[in-house]
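Summary of the model geometry
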Amino acid sequence: MKSSAIQEWFARLPGSIGIGNVRYTTSGKCDDASLVQGTQPVTASVESLKVALSFNGNIVNTLQLKREVDQNFSDFVYGCDSDLVCHKLLLELKKGKDLAPAVAEVMQSFDGAFSVTGITGNGVFFAFKDPHGIKPLCAGHSLDGESYFFSSETVSLDINGFVRDFELRPGELVTVSKRGFERQQIVENPHKAFCAFEFAYFARPDSRFDGKYVYEIREDFGRNLVKEFPDIVKDADIILSVPETGDDPAMGVHEESGLRWERASRRHRYVTERAFILLNNERFSTIDRKVNILGSKVAGKRVIVTEDSIVRGDTTKIIIDKLRKAGAKKVYMFVTFPRIIGPCFYGIDMSTYGQLIGSRHSPEDIATIIGADKVCYQSLDGLVRATGEKRGDLCLACVTGKYPTPLAQKIADQNRAKFLSGREEKGRIYELDEAPP
Ligand code: SF4
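Bear in mind that the values here come from a model prediction, so they are computed numbers and not experimental data.

This part covers the overall build of the protein chain. The number of helices and strands found in the protein chain is 17 helices and 20 strands. Rg of the C-alpha trace for the protein chain: 23 Å, near the compact-globule value of 22 Å for 437 residues, within the 12% margin. Once the C-alpha set of the protein chain is aligned to its principal axes, its extents read approximately 70 × 55 × 40 Å. Burial analysis of the protein chain (437 residues in total) assigns 55% to the buried set. Summarising the internal contacts of the protein chain: among those between residues at least 6 apart in sequence, 65% fall at separations of at least 24.

Set out below in structure tokens:
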């Protein structure tokens, strides 16, 4: 839709509150009809009560909560985890609870990550974050003080000319009234576990977390890699980045090492799919079309390639193939996110052990498989230091195997054992019927 058409459409909408979501699917089916059905906001109503909400994260104990919601709403059709959060909140409101105790019950009932914005039928605009604060959610206002906003990332406030006020705390509920934001700590002494992968890959580089731009943190990742692998730096001629999440670390590597950052890998402006979230058969051709290597710039060179992460390894393998065909003499991978060894349960689509090259291969094996001379992962300590967070305040579960929520840990341990014994994973492991209660 053209932006003028969107403005015209906005002007026709009644009311003064709106919520929306660019959905990234980690729950429910992925066929076109299901994706359309999962378009947010999701809504639910019973008698005179209504709730609409928009959700970022992923729920782990969907199987258990589905039973409860099914028993209480005869017309409930499960599409994805957002429907469950919406119906569970409605169920608690139906019991006569006010919003805060209803949200408290939601926070206690769900295992997983959920940063939520919503509207009740009587016009209360609210937002809350799970007790671990795994996904980001910030609040801001317009310069004239007339409008109030919630957003996953600060960038959407910036580009609309709004002021950021604060990041929601884990376990916090915020409502908006004529007096502005009203904050209530629903869960006392929450245990913060903010997703570390946001810093390396997921967040936009021009967003800020705790005052620091994500791109500055990624530059620090690059500096760390130079300090951690000085011998590799001595054996390299140029730096090349995998566009675009490898660009900021490349800047850090360049500044710390003095090596030339050769902008010889270019991304096709109009091939916009994230290869990471595509289906297997689409991924190869997309990467091939998406990244162009300028052969004359790498022929005969020893190249350090900066990349945010290696998940399946096939994106990196294709890029290294292209570099070899272009005549690169050596290819060293500098990877800012440490080796991913386990699935994510909290809203990043890596949901099985089998799809992760790092779950069963050492860095040396991975180098052989993807065709690199060496794969150099940033250390966990280096990553944590650069984020400015305390290690205990970050979720690093996909790297360490230590999950911040109990059911996720149980499912991970159970499925890891099965995976190592050779059993095939048939779907996202937290959606399998045999997931423990
Ligand atoms: S498991 Fe990994 S990707 Fe998932 S929330 Fe934790 S750090 Fe982020």
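There is more to say, and it comes next.
Let us look at helix H5 (residues 99-109). Among the eleven residues that make up H5, eight are buried, leaving the element largely enclosed by the rest of the structure. Every buried residue belonging to H5 is among Leu99, Ala100, Ala102, Val103, Ala104, Val106, Met107 and Ser109, and all of these are buried. In this structure, the buried residues of H5 make contact with helix H3 (62-72), helix H4 (81-94), strand E3 (112-120), strand E4 (125-129), strand E8 (172-177) and strand E9 (180-185).

Here the focus is the environment of alanine 100. In this fold, alanine 100 is placed in helix H5. When its relative accessible area of 18% is taken as the criterion, alanine 100 is described as buried. Along the sequence, alanine 100 and glycine 121 sit 21 residues apart, while their C-alpha atoms lie 15 Å from each other. Excluding its chain neighbours within four sequence positions, the residues that come into contact with alanine 100 are Leu173, Gln184 and Ile186.

Quick look at empty space enclosed by the protein now. Tallied over the full model, the rule gives one cavity of 30 Å³ or more. Roughly 100 Å³ of internal volume is contained in the largest cavity. Lining the largest cavity are 16 residues, with Cys195, Cys344, Tyr346, Cys395 and Cys398 sitting closest to its centre. The class makeup of the residues in the lining of the largest cavity is 16 nonpolar, no polar and no charged.

Here we take up the packing of H4 against H5. Their axes nearest at 9 Å, the elements H4 and H5 cross at an angle of 135 degrees. When the axis of H4 is compared with that of H5, the two are oblique. In the crossing of H4 with H5, the sense of the turn from one axis to the other is right-handed. Of H5, the residues touching H4 (which contributes Val85, Lys88, Leu89, Glu92 and Leu93) are Leu99, Ala102, Val103, Glu105, Val106 and Ser109. Here the residues of the contact of H4 with H5 sort into seven nonpolar, one polar and three charged.

Most of E8 is tucked away: five of the six residues are buried. Two strands pair when backbone bridges link them, and E4 and E8 are joined in this way by four bridges, in the antiparallel orientation. Paired with phenylalanine 128 across the bridge in E8 is leucine 173. In terms of strand pairing, E8 meets E9 through six bridges, oriented antiparallel. Bridge pairing in E9 places serine 177 opposite glycine 180. Joining the antiparallel neighbours E8 and E9 is a turn of two residues.

Another aspect to go through is the nonpolar core. Counting 47 residues, the largest nonpolar core has Phe197, Phe337, Phe345, Tyr346 and Met350 as the members making the most contacts within it. If sequence neighbours within four positions are ignored, tyrosine 346 has contacts with Gly57, Asn58, Val60, Gly112, Ala113, Ile134, Lys135, Cys395, Tyr403, Pro404, Thr405 and Ala408.

So, about the side chain of serine 142. Of note, serine 142 is situated in the loop between strand E5 (138-141) and strand E6 (148-151). At 2.6 Å, the side chain of serine 142 and the side chain of aspartate 144 are in polar contact.

As a further point, take the packing of aromatic side chains. Applying the stated criterion across every chain yields a total of 19 aromatic pairs. Between phenylalanine 345 and tyrosine 403, the ring centres sit 5.1 Å apart and the planes meet at 85 degrees, which makes this aromatic pair edge-to-face. Here phenylalanine 345 is found in the loop between strand E18 (330-335) and helix H14 (363-370), whereas its partner tyrosine 403 is found in the loop between helix H16 (397-400) and helix H17 (406-420), with 58 residues between them in sequence. Tyrosine 403 gets classed as buried once you look at its relative accessible area, which sits at 9%. Through a chain of ring-to-ring contacts, three or more aromatic side chains come together here, namely Phe125, Tyr148, Phe150, Phe166 and Phe181. Geometry around phenylalanine 73 places lysine 94 over its ring, the cationic atom sitting 5.9 Å from the centre. Taking NZ or CZ as reference, arginine 263 lies 4.2 Å from the ring centre of tryptophan 261, over its face.

So, on to the pattern of salt bridges. Throughout the structure, instances matching the rule amount to 25 salt bridges. We note a salt bridge from glutamate 389 to lysine 192, for which the minimum N-O separation is 2.9 Å. Placement of glutamate 389 in the loop between helix H15 (380-387) and strand E20 (394-395) and of lysine 192 in the loop between E9 and strand E10 (194-195) is noted, with a sequence separation of 197 residues between them. Of the charged contacts, one joins aspartate 237 and arginine 302 as a salt bridge, the two residues approaching to 2.7 Å between their closest N and O atoms. On the criterion of sequence distance, the pair formed by aspartate 237 in the loop between helix H9 (230-234) and strand E13 (238-241) and arginine 302 in strand E17 (residues 302-307) is long-range, its members being 65 residues apart.

On to the site of the ligand, then. All residues adjacent to the ligand are Ile134, Cys195, Ala196, Phe197, Cys344, Tyr346, Ile348, Met350, Cys395, Ala397 and Cys398. Judged by the fraction of its atoms near the pocket grid, the ligand is located in the largest cavity. Here the residues of the shell around the ligand sort into eleven nonpolar, no polar and no charged.

Our next topic: a nonpolar patch on the surface. Residues Trp9, Phe10 and Leu13 make up a contiguous nonpolar surface patch of about 320 Å² in total accessible area. For phenylalanine 10, a relative accessible area of 46% gives the class partly exposed.

Parameters at a glance
- Residues numbered from 1 in each chain as written.
- Predicted model: local features only at pLDDT ≥ 70, side-chain atom pairs only at ≥ 80, totals over all residues.
- Heavy atoms only, no water.
- Helix = DSSP H or I, 4+ residues; strand = E, 2+ residues; numbered from the N terminus.
- Rg over C-alpha atoms; globule rule 2.2 N^0.38 Å.
- Buried < 20%, exposed > 50% of the residue type's maximum accessible area, 1.4 Å probe, protein only.
- Contact = heavy atoms within 4.5 Å.
- 1 Å grid on protein atoms, 1.4 Å probe; cavity = no way out; pocket = protein on both sides within 12 Å on 5 of 7 lines; lining within 4 Å.
- Points joined across faces, edges and corners; volume = space filled by probe spheres on them.
- Nonpolar A, V, L, I, M, F, W, Y, C, P; charged D, E, K, R; others polar.
- Axes fitted to C-alpha atoms, helices over the stretch in contact; angles between N-to-C directions.
- Parallel < 35°, antiparallel > 145°, perpendicular 65-115°, else oblique.
- Left-handed = near helix turned anticlockwise from the far one by under 90°.
- Pairing = 2+ DSSP bridges.
- Core = buried A, V, L, I, M, F, W, Y, C linked by side-chain atoms within 4.5 Å.
- Polar contact = N/O pair within 3.5 Å; in protein donor to acceptor, adjacent residues only side chain to side chain.
- Phe/Tyr/Trp six-rings, centres within 6.5 Å; stacked < 30°, edge-to-face > 60°.
- Lys NZ or Arg CZ within 6 Å of the ring centre and 35° of its normal.
- Salt bridge = Lys/Arg side-chain N within 4 Å of Asp/Glu carboxyl O.
- Near = heavy atom within 4 Å.
- Sits in = over half its atoms within 2 Å of the grid points.
- Patch = residues over 30% accessible without salt bridge, like charges linked within 9 Å, V, L, I, M, F, W, Y side chains within 5 Å.
- Areas by Shrake-Rupley, 256 points an atom, 1.4 Å probe, with all protein chains shown as cover.

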